[in-house]
Amino acid sequence: MQVGIVGLPNVGKSTLFNALTKSYAAEAANFPFCTIEPNTGIVNVNDERLEQIRVVVNGAKIIPATVEFVDIAGLVEWASKWEGLGNKFLSHIRSVDAILQVVRAFDDSNVHHVSGSVDPKRDIEIINLELIFADLETLDKRIADNAKKVRAGDKEAKSREDVYARLKAHLESGKIASLMEMTDDEKKAIYDLHLLTNKPFIYAVNVTEDKVNTPESELRAITGITDPQIPVLPVSAKIEMDMLEFSDEDKKMFLADMGIDFNPMDSIIKTCYNLLGLQYYFTAGEIEVRAWTIHKWDTAPEAAGVIHTDFQKKFIKAETVNWKDLVEFGGWAGAREKGKVRMEGKEYIVQDGDIMLFKFGA
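One structure accompanies this document, and this report is about it.

One non-glycine residue, His-194, lies in positive phi territory at about 50 degrees. Tracing the sequence through the fold places His-194 in the loop between α6 (184–191) and β6 (201–206). Despite not being glycine, Trp-297 has its phi angle at roughly 80 degrees, a positive value. Structurally, the position occupied by Trp-297 is in the loop between β9 (289–295) and α11 (300–307).

Before going further, it helps to spend a moment on the pattern of salt bridges. Inspection of every chain in the model, using the stated rule, returns 19 salt bridges. Notably, a salt bridge pairs Glu-344 with Arg-342, separated by 2.7 Å at the nearest N-O pair. For Arg-342, a relative accessible area of 30% puts it in the partly exposed group. Salt bridges sharing common partners tie together Asp-47, Arg-49 and Asp-352.

This part covers the packing of aromatic side chains. In total, this model carries 8 aromatic pairs according to the counting rule given. Where Tyr-273 meets Tyr-280, the ring centres are 5.4 Å apart and the plane angle is 80 degrees; that geometry is what we call edge-to-face. For the residue pair Tyr-273 and Tyr-280, the accessibility class agrees, reading buried in each case. The rings of Tyr-281, Phe-311, Phe-315, Phe-358 and Phe-360 are connected pair by pair, giving a single aromatic cluster. It is Arg-104 that lies over the ring of Phe-106; its NZ or CZ is 4.4 Å from the centre. Above the ring of Trp-292, the side-chain terminus of Arg-290 is found at 4.0 Å from the ring centroid.

Among the residues of helix α7 (residues 216–223), Leu-219, Arg-220 and Thr-223 are the ones counted as buried. Angularly, the buried residues of α7 cover 100 degrees about the axis, an arc narrow enough to put them on a single face. Gly-224 lies just past α7 and shows a positive phi near 80 degrees.

Calculation criteria
- Residues numbered from 1 in each chain as written.
- Predicted model: local features only at pLDDT ≥ 70, side-chain atom pairs only at ≥ 80, totals over all residues.
- Heavy atoms only, no water.
- Helix = DSSP H or I, 4+ residues; strand = E, 2+ residues; numbered from the N terminus.
- Salt bridge = Lys/Arg side-chain N within 4 Å of Asp/Glu carboxyl O.
- Buried < 20%, exposed > 50% of the residue type's maximum accessible area, 1.4 Å probe, protein only.
- Phe/Tyr/Trp six-rings, centres within 6.5 Å; stacked < 30°, edge-to-face > 60°.
- Lys NZ or Arg CZ within 6 Å of the ring centre and 35° of its normal.
- Arc of directions from axis to C-beta.

Written out as structure tokens, the structure reads:
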């Protein structure tokens, strides 16, 4: 899973990337386009359940789930019309699964703003319009190609005409594609367009240190993002960089001293995970305790296939226990004794937090 970090220049994208990846990989400078080629980094999904499980099964190590973040160069107005860097930046966005848009909501005379002032609503509109313009170009090419097929009597092309026309009007009204109401068939019809604005969006509002506890309602008011299906989260890139070399315990204490009872980076990572319809189950033994990424609604054989494709083909059943039961009763033996371990078959829908032990045929 790849999440692309986008936004205007100097809004804190590269600083946020460094904080997420706990590195100094991305140059964060006070001038536009200090990032040209995208930086990528793999980030662990922190989950306190892993350590609790490890303790009761006496596991030697933990392997958490991960997310890959991509720091993409700052976009500016008319980037979609550029032949060079603008198109290059947009192509980097096209390859990711979700878009994390960083929005600046702090004043600092020492940090230049490319538009000359801080205005989150305006900045979001600039970025979204550039993505929409790029999508309209893609859609117009497809509409022209589809029209030729309609004239040739292609029934499938004829069935796509309406959704293409509605989508064009929707985009031209300044709305991103993901907010257009569509049936499942219509979503399938536009899937191969790979539209930039049809990806899941998350907004990270970069605020000053004293504003990290800003309620969601206030964040939505200053950004203009009212649709509840689009997450809007507070973050202070400055705080995160200040804590970059802190231990987990020191970070928790530092945040607590500031009245912050959550880890903003963990909130962003887990929100990205959930937005893409992902979850994970665990395998747990003395060698390792590991989180395996699957899609919500995946069956037990599909979950086994994430470990190895042969496991899906040869799946017979899976011993399954909820992580809380395994922890409460001291491991596999105790959970079995209390009747908490179930045998699940091929139709079982795996739940987040399941711990599974698969049985296979020859």
